[in-house]
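Secondary and tertiary structure notes
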Amino acid sequence: MSRTNCLLALGAFLLTLLPLANAGQNVQMTYFLSASFTCLNGNTTPGYSVYVVGSHREIGEWKTENAVLLTTTRADYPKWTGQVRFSGVQLDEKVQWKCIVRNEAPPYDVKEWQPDPNSEVILKFSPQAQATASF
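We now turn to the structure provided with this report. Small disclaimer: the values here were computed from a predicted structure and weren't measured. (Residues numbered from 1 in each chain as written. Predicted model: local features only at pLDDT ≥ 70, side-chain atom pairs only at ≥ 80, totals over all residues. Heavy atoms only, no water.)

**Remarks on the sheet that holds strand β8 (residues 129–134)**
As a reminder, the rule being used: A strand pair is defined by DSSP finding two or more bridges across the two strands. Numbering of helices and strands runs from the N terminus; a helix is a DSSP stretch of H or I covering at least four residues, while a strand is a stretch of E covering at least two. Fitted lines through C-alpha atoms serve as axes, helices being fitted only where they are in contact, and the angles separating the N-to-C directions of these axes extend from 0 to 180 degrees.
Read from one edge of the open sheet, 3 strands run β4-β1-β8, paired in mixed fashion. Of all strands in the sheet, those with a lone pairing partner are β4 (80–87) and β8, marking the two edges. Each strand axis lies, on average, 25 degrees off the axis of its neighbour in the sheet, ignoring direction. With 6 bridges joining them, strand β1 (residues 32–40) and β8 adopt parallel strand pairing. Of the residues in β8, the one forming a bridge with L40 is S134.

What follows is the structure, given as structure tokens:
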């Protein structure tokens, strides 16, 4: 869907809510912004996987036990990917994040952190935010 079509659809939706707002109703909209994360060179050993962790609630607020597991395939390894839906964010909000190699069982056992500096992704409606980093 093109950016124009997306904005037109959003505008039409907002116009349908206008009568409710004028009627004294308390209308509150919640929306989600998604980002696709890619971690390159995520070499792991059995029992370890690649996760994304960062500054926002949906990616753990820098707590490794709340990090989001990424996935890979035999064909793509050591490239790991995943999508995260963010709520309670502002359009164009920056989210800081890193890739980590973490034990799947005890979440505090982090084998490797992506080197500094932190990566950043800017959350957008469309096109979906793409975030890539490497170990």
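**Observations regarding unusual backbone geometry**
Convention followed: Any residue under 20% of the maximum accessible area for its type is buried, any over 50% is exposed, and the rest in between are partly exposed; the area is computed with a 1.4 Å probe on protein chains only.
Cis geometry is adopted by the peptide bond preceding P78, which originates at Y77 and carries an omega value of 15 degrees. One can find P78 in the loop between β3 (68–69) and β4. Cis geometry is adopted by the peptide bond preceding P117, which originates at D116 and carries an omega value of 5 degrees. In this fold, P117 is placed in the loop between β6 (110–113) and β7 (119–122). We note that N41 has phi near 60 degrees; this positive angle belongs to a residue other than glycine. Look at N41 and you get partly exposed, because its relative accessible area is 41%. With phi around 50 degrees, E61 is a residue other than glycine that occupies positive phi space. Looking at the secondary structure, you find E61 in the loop between β2 (48–54) and β3. On the accessibility criterion, E61 (44% relative accessible area) is partly exposed.

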